[in-house]
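Residues per chain are reported as follows:
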Amino acid sequence: MVTADKTDSGLIFAADLGGTHLRAATVDRCGRIHSRFKQNTPQVADATAIVDAIVKAVHEFQKGEQITAVSLVVPGTVKVEEGAVVKAPNLPCLDGFRLAEALSSRLELPAVLENDANAAAVGEMWQGAAVGCKSIICLTLGTGVGGGIILDGKLWRGVDGAAAEIGHMCVDPFGGVACTCGSRGCLEVFASATAIVRMTREASPRYPDSVLQGREDLTAAMIFDAGKADDELALEIFRRMGMYLGIGLANLINILNPEMIVIGGGVVNGWDLFEKHMHQQVEERAFPSLAARVKIVRAKCGDDAGLLGAARLALPS
Ligand SMILES: [Zn+2]
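Sequence order as written defines the numbering, with residues in each chain counted from 1. The predicted nature of this model means local features are confined to residues of pLDDT at least 70 and side-chain atom pairs, given and counted, to a pLDDT of 80 or more, with totals for whole chains, interfaces and linings taken over all residues. Processing note: side-chain calculations cover all non-hydrogen atoms of the structure and skip hydrogens and water entirely.

**Some thoughts on the pairing of strand S8 (residues 136-141)**
With five of six residues buried, S8 is to be regarded as a mostly interior element. Strand pairing is assigned whenever DSSP detects at least two bridges linking the two strands. The way it works is that DSSP assigns letters per residue, a run of H or I at least four long becomes a helix, a run of E at least two long becomes a strand, and they are numbered from the N terminus. Examined bridge by bridge, S8 and strand S9 (residues 145-151) share six bridges and lie antiparallel to one another. Each residue of the ladder has a partner; that of Cys-138, found in S9, is Gly-148. Note on classification: 1.4 Å probe, protein chains only; a residue is buried when its accessible area is under 20% of the maximum for its type, exposed when over 50%, partly exposed between these limits.

Structure, rendered in structure tokens:
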């Protein structure tokens, strides 16, 4: 692979390859985004079409900008040293594929690969809520629950690059709901957008007066809006969600003693509805001195956390 020229002053082409969209941006070494790009992720059985789409996007950017490296984040497990995707459930054609190497040889640029939630943690520490921190935990509450852990300034990837699967920490061992990972009672089945919709459907028979009754097209955003208008069903769901989230955070606080926990993703729109219940569990379960020390805050980078983190990871440290 081509190695980065550390004196370069050009831009990083950072891409966030999701199951639905491929989003990309050019980012400079100060974290400023110069240009953006978004298209649907090619839905194919062959990794080559994905490589082609990224290469085409880079060539478009290169008409007006000097790109010195490419950095890609994917929703799955990656082997960073090999630039290979191990397993990406929403993009199965990439499983086992050396994506960074394929891009690097086609573009003649250095290329790096990282897990999207890990990159989001790096992005928040570089340009977001955790600027100046050294040890943080970052949770992304979206369709699923992603996690990234940075300890003493370094991403904790684990021996196989699969660390920080915070969404699959068990918070309800007995009678817990089945999770896609094969376990039961994972944080993801209580604190993701998917979970909020499921819990609302499950609880709705007990709330016949709820505005959410009979809604086939239920989304987490709708439930959040109902909660803001004091709908009892929606308030109960965010209470439960906050409680389980707080149990998970208390575990993390006791194990890792972080200075900050940053929470991002679409579900954070309901922050005012779940915050109190989350803090209550943290106070009840975490060591008091550790709970008093940690700041639990909303993410600041929004959808750009992964892109910014990707760019940072491609810059010299
Ligand atoms: Zn799970």
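**Things to note about the sheet that holds strand S11 (residues 260-264)**
The strand order across the open sheet built from five strands is S10-S9-S8-S11-S12, with neighbouring strands paired in mixed fashion. Here the strands that pair on one side only, and so sit at the sheet edges, are strand S10 (154-155) and strand S12 (295-298). Of the pairings in the sheet, the one linking S9 to S10 comprises two bridges and is antiparallel in character. By the bridge assignment, Leu-151 is partnered in S10 with Lys-154.

**Structural notes on the coordination of the zinc ion**
The protein atoms that coordinate the zinc ion are His-168 (ND1), Cys-179 (SG), Cys-181 (SG) and Cys-186 (SG), at distances spanning 2.0 to 2.3 Å. Only nitrogen, oxygen and sulfur atoms qualify as donors, provided they sit within 2.8 Å of the metal or within 3.2 Å for Na, K and Ca; with water excluded from the atoms, sites may seem incomplete. Irregular is the label for any site that misses the other tests, which are tetrahedral for four donors with all angles between 85 and 135 degrees, and square planar for four donors or octahedral for six when opposite donors exceed 155 degrees and the remaining angles lie between 65 and 115. Around the zinc ion, the four donor atoms sit at angles spanning 101 to 123°, and that spread fits a shape best called tetrahedral. Positions of the donor residues of the zinc ion along the chain correspond to the pattern H-x10-C-x1-C-x4-C. For Cys-186, a relative accessible area of 0% corresponds to the buried category.

**What about the packing of aromatic side chains?**
Only Phe, Tyr and Trp rings take part, Trp by its six-membered ring, and two of them pair if their centres are within 6.5 Å. Stacked means planes under 30 degrees apart, edge-to-face means over 60, and tilted covers everything else. Applying the stated criterion across every chain, the model contains four aromatic pairs. Measuring from centroid to centroid gives 5.4 Å for Phe-13 and Phe-61, while their planes differ by 70°, and the two rings are edge-to-face. Here the residue Phe-13 occupies a position in strand S1 (residues 11-17), and Phe-61 occupies one in helix H1 (residues 47-62), the gap between them amounting to 48 residues. Residue Phe-13 shares its accessibility class with Phe-61, and that shared class is buried. On the basis of an interplanar angle of 15° and a centroid distance of 3.8 Å, the ring pair of Phe-190 and Tyr-244 is categorised as stacked. Residue Phe-190 is located in helix H4 (residues 188-191), and its partner Tyr-244 is located in helix H7 (residues 232-256); the two are separated by 54 residues in the primary sequence. Relative accessible area serves as the criterion here: at 1%, Phe-190 is assigned to the buried category. Tyr-244 gets classed as buried once you look at its relative accessible area, which sits at 10%.

**Points about the environment of Leu-155**
Checked against the element boundaries, Leu-155 lands in strand S10. By relative accessible area, which is 10% here, Leu-155 ends up buried. Leu-155 sits 93 residues away from Gly-248 along the chain, and the two C-alpha atoms are 20 Å apart.

**Re the packing of H1 against helix H2 (residues 99-107)**
For helices, the fitted axis covers only the stretch in contact; all axes are lines through C-alpha atoms, and the angles between them, taken along N-to-C directions, range from 0 to 180 degrees. Where H1 contacts H2, the axes come no closer than 10 Å and their chain directions differ by 45°. Overall, the two elements H1 and H2 adopt an arrangement that is oblique. Here H1 runs over H2; the crossing is right-handed. Where H1 approaches H2, its residues Val-51, Asp-52, Ile-54, Val-55, Val-58 and His-59 are matched on the opposing element by Leu-99, Ala-102, Leu-103, Arg-106 and Leu-107. Looking at side-chain class alone, the contact of H1 with H2 contains eight nonpolar, one polar and two charged residues. With respect to orientation, any angle under 35 degrees is reported as roughly parallel, any angle over 145 as roughly antiparallel, any angle of 65 to 115 as roughly perpendicular, and every other angle as oblique. Each crossing gets its hand from how the near helix is turned against the far one by less than a right angle, where anticlockwise is left-handed and clockwise is right-handed. By the convention used here, residues are in contact when the closest approach between their heavy atoms is within 4.5 Å. Charged residues are taken to be Asp, Glu, Lys and Arg, nonpolar residues to be Ala, Val, Leu, Ile, Met, Phe, Trp, Tyr, Cys and Pro, and polar residues to be all remaining types, Gly included.

**Side note on the environment of Leu-187**
Within the element layout of this structure, Leu-187 appears in the loop between S10 and H4. Here Leu-187 falls in the buried class, since its relative accessible area comes to 0%. Distance in space between the C-alpha atoms of Leu-187 and Cys-133 is 25 Å, their sequence separation being 54 residues. Setting aside residues no more than four positions away along its own chain, Leu-187 makes contact with Leu-139, Val-145, Ile-166, Gly-167, Met-169, Val-171, Tyr-244 and Leu-245.

**Description of the side chain of Thr-77**
Position of Thr-77 relative to the elements: it lies in strand S5 (residues 77-79). Among all residues touching Thr-77, those that are not within four sequence positions of it are Val-85, Val-86, Lys-87, Asp-160, Gly-161 and Ala-162.

**Observations concerning the pattern of salt bridges**
The term salt bridge refers to a pairing of a side-chain nitrogen on Lys or Arg with a carboxyl oxygen on Asp or Glu at a separation within 4 Å. Tallied over the full model, the rule gives 14 salt bridges. Between Asp-304 and Arg-23 there is a salt bridge, with its nearest N and O atoms 3.1 Å apart. Taken together, the residues span a long stretch of sequence, with Asp-304 in the loop between S12 and helix H10 (305-314) and Arg-23 in strand S2 (residues 21-27) at a distance of 281 residues. Pair check on accessibility: Asp-304 and Arg-23 agree, each one buried.

**A look at the side chain of Ser-71**
Along the chain, the position of Ser-71 falls in strand S4 (residues 67-74). Judged by its relative accessible area of 1%, Ser-71 falls in the buried class. Two N or O atoms form a polar contact when they lie within 3.5 Å of each other; inside protein one atom must be a possible hydrogen donor and the other a possible acceptor, and for residues adjacent in sequence the pair counts only when both atoms belong to side chains. Of the polar contacts made by the side chain of Ser-71, one reaches the backbone oxygen of Ala-310; its length is 2.7 Å. Excluding its chain neighbours within four sequence positions, the residues that come into contact with Ser-71 are Ile-12, Phe-13, Ala-14, Ala-15, Val-112, Ala-310, Ala-311 and Ala-314.

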